[in-house]
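Single-letter residue listing:
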Amino acid sequence: MSEPSLPAGRPLGVSRATGSGGGANLADILERVLDKGIVIAGDIQVNLLDIELLTIKIRLLVASVDRAKEMGIDWWEHDPSLSSGSRRNDLLEENERLRAQLELARGERAEQ
Amino acid sequence: MSWYCYAVAEFAPGNPAEGLTGLRDRPVSAISEAGLTALVSPVPDEEFGETVLQANLESLPWLEEIARAHNAVVDEANRRTRVLPLRMATIYRDQHRVREMLAEHSAHFAEALRRVRDHAEWGVKIFASLRSSAEEEEPADGRSYLRQRLRQRKARDARTDEAAGVAERIERELAQLSAEIHRHRNQDPALTGREDSNILNLACLVPDSSRERFLARIEELPEAAGIVVEVTGPWAPYSFAGIS
């Protein structure tokens, strides 16, 4: 069987990132401290957004801010889903909404 | 004041938290029970109490700051002794509750610590360019536009399939040099800020004795054109700390 080959375009090579300390990339850290590690119940109950939902949120936020800047508005300052939806129901709703956005985004990327 | 818990280690006479600084510049201390030691530091309730904590966790700059500080403590402790990282924001009301937690889960912690002893976690990410590099000319009409779109989509699908094949081959190879392997979700461009796509995102639990062989093998990996390999580590065994 022949080895699959990918189109050229980027230099091939291995990069050794700076490791696991202060210089590590935020995504690498978040996928470990948010999604991994031992999960045991503490005395303070919080609902952590997983890394996938966090990513979508960042993407939506960036897109929204760009669009809003163009239009000169600041509605996100008052949007509870982008500031502090502190109740669990809000989060569940938000999670569903983000998942729907994810499906949409996946569809759009597949179209590209 | 509550106690933020970073990680758990096997009890040893030396204090693994000696001189470590935790969140908000408070010193990290060690609390031991049942043959185990938890690394903790005090955090103010005004910032880490339940209601305000939930709101803070949704602020990306706050989340980043705490995530980095959490990792810095775990990382430094893990250089001194093998630790099991706890998930971010595991907080107890007082030191007595931390001892209760250690006692309650002691069998599981001991088992997980045995599994990761003399091992380290390494991250291996593979990136590949899935976009067409060729500039195409503007389609003359609707029909040629649709043909062009179809052609582009087919080409992209083919590149995606090839990339998936490369990713699987690399995963199989690295699995042979690892005690355990975990495939993380591929990283989204919103987080990587890269043009090319993350096609494989692995965490490998590698015995310290085969570290050199593992890293040497990775150096040889990019046989296929257009592939970029990124290695991070050694990490504390975050991806393998789960109590199974």
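Residues numbered from 1 in each chain as written. Chains lettered and ligands numbered in written order. Predicted model: local features only at pLDDT ≥ 70, side-chain atom pairs only at ≥ 80, totals over all residues. Heavy atoms only, no water.

Draft legend 1. Region of the structure containing the overall build of chain B. Along the backbone of chain B there are 8 helices and 9 strands. Its C-alpha radius of gyration of 23 Å places chain B more than 25% over the 18 Å reference for a compact globule of 244 residues. Projected onto its principal axes, the C-alpha positions of chain B cover 75 × 45 × 30 Å. Expressed as a percentage of its 244 residues, the buried residues of chain B come to 51%. As displayed, chain B offers around 11200 Å² of accessible surface, 47% of which is attributable to carbon and sulfur atoms. For chain B, the distance from the average site of its 31 positive side-chain charges to the average site of its 40 negative ones is 4 Å. (Helix = DSSP H or I, 4+ residues; strand = E, 2+ residues; numbered from the N terminus. Rg over C-alpha atoms; globule rule 2.2 N^0.38 Å. Buried < 20%, exposed > 50% of the residue type's maximum accessible area, 1.4 Å probe, protein only. Areas by Shrake-Rupley, 256 points an atom, 1.4 Å probe, with all protein chains shown as cover. Lys, Arg positive; Asp, Glu negative; His and termini not counted. Charge placed at Lys NZ, Arg CZ, Asp CG, Glu CD.)

Draft legend 2. Here's a closer look at unusual backbone geometry. Residue and element names in this part refer to chain B. Note that the residue after Gly233, namely Pro234, is joined by a cis bond; omega there is 0°. Positionally, Pro234 belongs in strand S9 (residues 227–235). Look at Arg24: it is not a glycine, yet its phi comes out positive at around 55°. Along the polypeptide, Arg24 turns up in the loop between strand S1 (2–10) and strand S2 (29–33). For Arg24, a relative accessible area of 31% gives the class partly exposed.

Draft legend 3. Representation of helix H4 (residues 95–104) of chain B. All names here are of chain B. For H4, the set of buried residues is Val98, Met101 and Leu102. The buried residues of H4 all sit within an arc of 100° when viewed along its axis, so they share a single face. Turning to H4, the residues buried within the fold contact S1, S2, strand S3 (36–43), strand S5 (91–92) and helix H5 (106–116). With a side-chain oxygen positioned 3.2 Å from the backbone nitrogen of His96, the residue opening H4 is Asp94. (Arc of directions from axis to C-beta. Contact = heavy atoms within 4.5 Å. Polar contact = N/O pair within 3.5 Å; in protein donor to acceptor, adjacent residues only side chain to side chain.)

Draft legend 4. Main features of the environment of Gly165(B). Tracing the backbone through its elements, the reader meets Gly165(B) in helix H6 (residues 142–176). The spacing of Gly165(B) and Ala179(B) is 14 residues in sequence and 23 Å in space, taken between C-alpha atoms.

Draft legend 5. Fine view of the pattern of salt bridges. Using the criterion set out here, one finds 26 salt bridges over all chains in the structure. The partner of Glu52(A) in a salt bridge is Arg99(A), and the shortest N-O contact between them spans 3.6 Å. One end of the pair, Glu52(A), is in helix H2 (residues 51–71); the other, Arg99(A), is in helix H3 (residues 88–111), with 47 residues separating them in the sequence. Its salt-bridge partner being Lys125(B), residue Glu230(B) comes within 3.0 Å of it at the nearest N-O pair. With a gap of 105 residues between them, Glu230(B) in strand S9 and Lys125(B) in strand S6 (residues 119–128) connect regions that are remote in the sequence. The buried category is assigned to Lys125(B), whose relative accessible area is 2%. Among the ionic contacts, a cluster of salt bridges with common partners joins Asp28(A), Lys125(B), Arg194(B), Asp196(B) and Glu230(B). (Salt bridge = Lys/Arg side-chain N within 4 Å of Asp/Glu carboxyl O.)

Draft legend 6. Inspection of the packing of aromatic side chains at higher detail. According to the stated counting rule, one finds 4 aromatic pairs over all chains in the structure shown. Plain terms: the ring middles of Tyr4(B) and Phe48(B) are 6.2 Å apart, the flat faces sit at 80° to each other, and that makes the pair edge-to-face. Taken together, the residues span a long stretch of sequence, with Tyr4(B) in strand S1 and Phe48(B) in helix H1 (residues 45–48) at a distance of 44 residues. Residue classification places Phe48(B) among the buried residues on the basis of a relative accessible area of 0%. The interplanar angle of 75° and the centroid separation of 6.3 Å between the aromatic rings of Trp235(B) and Tyr238(B) together place this pair among those described as edge-to-face. Pair check on accessibility: Trp235(B) and Tyr238(B) agree, each one buried. Looking at Arg32(A), its charged tip hangs above the ring of Trp235(B), at a distance of 4.2 Å from the centre. (Phe/Tyr/Trp six-rings, centres within 6.5 Å; stacked < 30°, edge-to-face > 60°. Lys NZ or Arg CZ within 6 Å of the ring centre and 35° of its normal.)

Draft legend 7. Representation of the packing of helix H1 (residues 26–33) of chain A against helix H3 (residues 60–80) of chain B within the structure. As a packed pair, H1(A) and H3(B) sit with axes 10 Å apart at the nearest point and diverge in direction by 75°. Judged by the angle between their axes, H1(A) and H3(B) are roughly perpendicular. Judged by residue contacts, Leu26(A), Ile29(A), Leu30(A) and Val33(A) of H1(A) engage Leu63(B), Glu64(B), Ala67(B), Arg68(B), His70(B) and Asn71(B) from H3(B). Broken down by class, the residue content of the contact of H1(A) with H3(B) amounts to 6 nonpolar, 2 polar and 2 charged. (Axes fitted to C-alpha atoms, helices over the stretch in contact; angles between N-to-C directions. Parallel < 35°, antiparallel > 145°, perpendicular 65-115°, else oblique. Nonpolar A, V, L, I, M, F, W, Y, C, P; charged D, E, K, R; others polar.)

Draft legend 8. Examining H5(B) more closely. All names here are of chain B. Taken together, the buried positions of H5 are Phe109, Ala112, Leu113 and Val116. All buried residues of H5 lie within an arc of 100° about the axis, which places them on one face of the element. Turned more than 90 degrees from where H5 packs its buried face, Ala107 and Arg114 sit exposed. Structurally, H5 contributes buried residues whose contacts are with S1, S3, strand S4 (83–85), H4, S6 and strand S8 (197–207). Asp118, located one to two residues past H5, shows a positive phi value of around 60°.

Draft legend 9. Spotlight on the environment of Glu121(B). Residues and elements named next belong to chain B. Tracing the backbone through its elements, the reader meets Glu121 in strand S6. When the C-alpha atoms of Glu121 and Glu171 are compared, they prove to be 15 Å apart, with 50 residues separating the residues in sequence. Among the polar contacts made by the side chain of Glu121, one reaches the side chain of Ser239 at a distance of 2.7 Å.

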